[in-house]
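The lines below spell out each chain.
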Amino acid sequence: MTAGNRFPGSRMENERIEETVGSWMQEIGLRDPAGAGIPAPLSFAGGGRWQREIRGVRTVQELKRLAAEAGEAGAIPDRVVIGKELSRMTEPEVEALAGAAAGYGLTAVFPLGEAVRDEVALREAVCCAVRAAGCGAGAFQVKSHSLLWLLGRARATGLLPAGVRFTFDAAAEAAGAKVLQDLGADAVIAAPGRKIGTLAALRAAVWIPLVCRIGGRGSAGSLARLSLLAEGIRIASPVILSFAWPKETPGESAPGLETQRLFRELARLKERIGR
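Summarised in this report is the structure supplied together with it.

Conventions used here
- Residues numbered from 1 in each chain as written.
- Predicted model: local features only at pLDDT ≥ 70, side-chain atom pairs only at ≥ 80, totals over all residues.
- Heavy atoms only, no water.
- Helix = DSSP H or I, 4+ residues; strand = E, 2+ residues; numbered from the N terminus.
- Buried < 20%, exposed > 50% of the residue type's maximum accessible area, 1.4 Å probe, protein only.
- Contact = heavy atoms within 4.5 Å.
- Areas by Shrake-Rupley, 256 points an atom, 1.4 Å probe, with all protein chains shown as cover.
- Disulfide = S-S within 2.5 Å.
- Pairing = 2+ DSSP bridges.
- Core = buried A, V, L, I, M, F, W, Y, C linked by side-chain atoms within 4.5 Å.
- Arc of directions from axis to C-beta.
- Polar contact = N/O pair within 3.5 Å; in protein donor to acceptor, adjacent residues only side chain to side chain.
- Patch = residues over 30% accessible without salt bridge, like charges linked within 9 Å, V, L, I, M, F, W, Y side chains within 5 Å.
- Salt bridge = Lys/Arg side-chain N within 4 Å of Asp/Glu carboxyl O.
- Axes fitted to C-alpha atoms, helices over the stretch in contact; angles between N-to-C directions.

1. With respect to the overall build of the protein chain
Right, so step 1: Looking only at helices and strands, the protein chain has nine helices and eight strands in total.
Right, so step 2: Relative to its 275 residues, the protein chain shows a buried fraction of 45%.
Right, so step 3: Relative to all contacts within the protein chain whose residues are 6 or more apart in sequence, the contacts with residues 24 or more apart total 69%.
Right, so step 4: For the protein chain, the accessible area works out to roughly 14200 Å², and carbon and sulfur atoms hold 54% of it.

Given below as structure tokens:
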């Protein structure tokens, strides 16, 4: 046992306890403290363990800037979360953003149902999603359990295309994540502040990707935490790492230092831990 342990026992007994606890930890994807790490349990369809997401992009112009800066750094993301509620967008806006994202090989995720609190709002949110899907939108971010159920029903009956995907914001614990998966969520956002053990519990409960938000709007994504991401990816893959799109400085025409730094760090992360 470790030095200073108050409850020393025989070496054989201690080894038996450590072996038992280690086996339990492996069942939920945690590393055996006495042995080598176990492989990540799941991956995306293409074989990768993690993807990159940038959230908060509001216009086609910002999307073009993102693609240019990310491409220059070799850090093209997989998804962009639009920083505007879908109900406040026009159909031409949705069509332009979805088309531009697809042109860069990205999936545009549209926030839906920010304030869905009654039957009228629920019905309108589903209708909004159907209209947006007709404009090329293929992924939505949802905060209401009732809306998620209705959207799942719409997809199952053909009112929405079968390929439409739903991300739920957010799951705080394993049982809740399992319920969301059963309701039709294709990914769940882990509630802020989740630690490695909690991510492991979420992963043990569901097979869909977990979205982990790094940093907040106006920051470069709490880059000091990147040293912890490799272990988080190993434990909880498939993982979508979600980084905030830094605010633009009014009147600024050249790429901002914040975004340049963000994409450089993402490129380094890929070099460090691979796919």
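2. Considerations on the state of the cysteines
Right, so step 1: In the structure shown here, the tally under the stated rule is zero disulfides.
Right, so step 2: Cysteine Cys128 is unpaired, with the sulfur of Cys127 as its nearest cysteine sulfur at 8.7 Å.
Right, so step 3: Using a relative accessible area of 11% as the deciding quantity, one classes Cys128 as buried.
Right, so step 4: Here Cys135 stays unpaired: no disulfide links it, and the sulfur of Cys128, its closest cysteine neighbor, is 9.5 Å away.

3. Structural notes on the pairing of strand E7 (residues 210–214)
Right, so step 1: Burial analysis of E7 places four of its five residues in the buried class, which makes it a mostly covered element.
Right, so step 2: For strand E6 (residues 187–190) and E7, the ladder comprises two bridges, and the chain directions are parallel. Opposite Val188, over in E7, you have Leu210 as the bridge partner.
Right, so step 3: Where E7 meets strand E8 (residues 239–244), five bridges bridge the pair, whose relative direction is parallel. When the bridges of E8 are listed, Ile214 appears paired with Phe243.

4. Concerning the nonpolar core
Right, so step 1: Core analysis: the biggest nonpolar cluster contains 66 residues, and Phe110 and Phe140 have the highest contact counts within it.
Right, so step 2: Looking at this core element by element, the count peaks at seven residues for helix H4 (residues 119–134).
Right, so step 3: Apart from the residues lying within four places of it in its own chain, the contact partners of Phe110 are Ile82, Leu86, Met89, Val94, Leu97, Ala98, Ala137, Ala139, Phe140 and Gln141.
Right, so step 4: Residues Ala187, Ile189, Val211 and Ile240 belong to the second largest nonpolar core, which totals five residues.

5. Overview of helix H6 (residues 174–183)
Right, so step 1: Ala177, Leu180 and Gln181 are the residues of H6 that are buried. Each buried residue of H6 sits inside an arc of 100 degrees when the element is viewed along its axis, so together they form one side.
Right, so step 2: Tucked inside the fold, the buried residues of H6 contact helix H5 (145–157), strand E5 (165–171), E6 and helix H7 (196–205).
Right, so step 3: The N-cap residue of H6 is Glu173: its side-chain oxygen and the backbone nitrogen of Ala175 are 2.9 Å apart.
Right, so step 4: Gly184 sits one or two positions beyond H6 and adopts a positive phi of about 120 degrees.

6. Some details on a nonpolar patch on the surface
Right, so step 1: On the surface, a nonpolar cluster with roughly 290 Å² of combined accessible area is contributed by Ile17, Val21 and Trp24.
Right, so step 2: By the element assignment, Trp24 lies in helix H1 (residues 11–27).

7. Observations regarding the pattern of salt bridges
Right, so step 1: Under the defined criterion, the tally for this structure stands at ten salt bridges.
Right, so step 2: As a salt-bridge pair, Arg79 and Glu53 come within 2.6 Å of each other at their nearest N and O atoms. Here Arg79, found in strand E2 (residues 79–82), pairs with Glu53, found in strand E1 (residues 50–57); they are 26 residues apart in sequence, far enough to count as distant. Just as Arg79 is buried, Glu53 falls in that class too.
Right, so step 3: Between Asp186 and Arg165 there is a salt bridge, with the nearest N and O atoms lying 3.9 Å from each other. With Asp186 in the loop between H6 and E6 and Arg165 in strand E5, this residue pair connects regions lying 21 residues apart in the sequence.
Right, so step 4: On the accessibility criterion, Arg165 (40% relative accessible area) is partly exposed.
Right, so step 5: Several salt bridges converge on common partners, so that one network encompasses Glu91, Glu124 and Arg131.

8. So, the sheet that holds strand E4 (residues 139–142)
Picture the strands of a sheet paired through backbone hydrogen bonds; they go either parallel or antiparallel.
Right, so step 1: If you walk around this closed barrel you meet the eight strands as E1-E2-E3-E4-E5-E6-E7-E8, and the pairing is parallel. Taking the axes of each pair of neighbouring strands and ignoring which way they run, one obtains an average angle of 30 degrees across the sheet.
Right, so step 2: Sheet strands touched by H7: E5, E6 and E7. Its angle to E7, the strand with the most contacts, is close to 155 degrees.

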